[in-house]
Amino acid sequence: MDFLERFIDSIGRGTHTLSVKTDEVIELTEMKVDIKAIEEEIENHKLYIGQIVYKYYTQEKGTMPTSEIKRICMEIRRLEKKLYMMKDKMVRKRGYTYCKGCGQIIKKKQNYCPKCGNRVLKY
Ligand SMILES: [Zn+2]
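Calculation criteria
- Residues numbered from 1 in each chain as written.
- Predicted model: local features only at pLDDT ≥ 70, side-chain atom pairs only at ≥ 80, totals over all residues.
- Helix = DSSP H or I, 4+ residues; strand = E, 2+ residues; numbered from the N terminus.
- Buried ≥ 20, exposed ≤ 12 C-beta atoms within 10 Å, placed from the backbone.
- Contact = placed C-beta atoms within 7 Å.
- Expected span 1.5 Å × (residues − 1).
- pLDDT = per-residue confidence, 0-100.

1. A closer look at the overall build of the protein
- Along its length, the protein carries 2 helices and 2 strands.
- Relative to its 123 residues, the protein shows a buried fraction of 2%.
- The contacts of the protein with a sequence gap of at least 6 include a subset with a gap of at least 24, amounting to 28%.

Below, the structure is given as structure tokens:
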């Protein structure tokens, strides 16, 4: 390989590395968006349970809709499991981990969680 061929080859490899990194960034961003959406869905379910309970409290007569509350709780549990699996998949990618205190996704090089202040364990 002469100089020009080596030069072109190195540019080619450089571009490849760059596009792989860009794909990785896009994938991580998409995963973060999906995770955020599920977290919001969970919060909305919890708010709805609160509304149901409060509605029951303000009524003179009536029965606590326990079966509906149970159904929502089971849905929350299902979403939490999904969330855990998604976070686990994300942190297996290089450079990321999650806070053992609050579940926030953080970069491994951080020493403390920016959300709850928990110390980030290195492993
Ligand atoms: Zn935290």
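Moving on from the coordinates now.
2. Here we look at helix H2 (residues 66–91)
- The terminal C-alpha atoms of H2 lie 37 Å apart, and with 26 residues this matches the ideal 38 Å at 1.5 Å per residue to within 8%.
- Within H2, only 0 of the 26 residues are buried, leaving the element largely exposed.

3. Digging into the environment of Glu27
- With respect to the helices and strands, Glu27 occurs in helix H1 (residues 3–58).
- Residue class for Glu27 comes out exposed when judged on the 12 C-beta atoms lying within 10 Å of it.
- Measuring from C-alpha to C-alpha, the distance between Glu27 and Met90 comes to 9.3 Å, with 63 residues separating the pair along the chain.

4. Points about the confidence of the model for the protein
- Confidence in the prediction of the protein, expressed as mean pLDDT, is 83, and 82% of residues score 70 or more.
- When the elements of the protein are averaged for pLDDT, strand E1 (residues 96–98) gives the smallest value, 79, and H2 the largest, 92.

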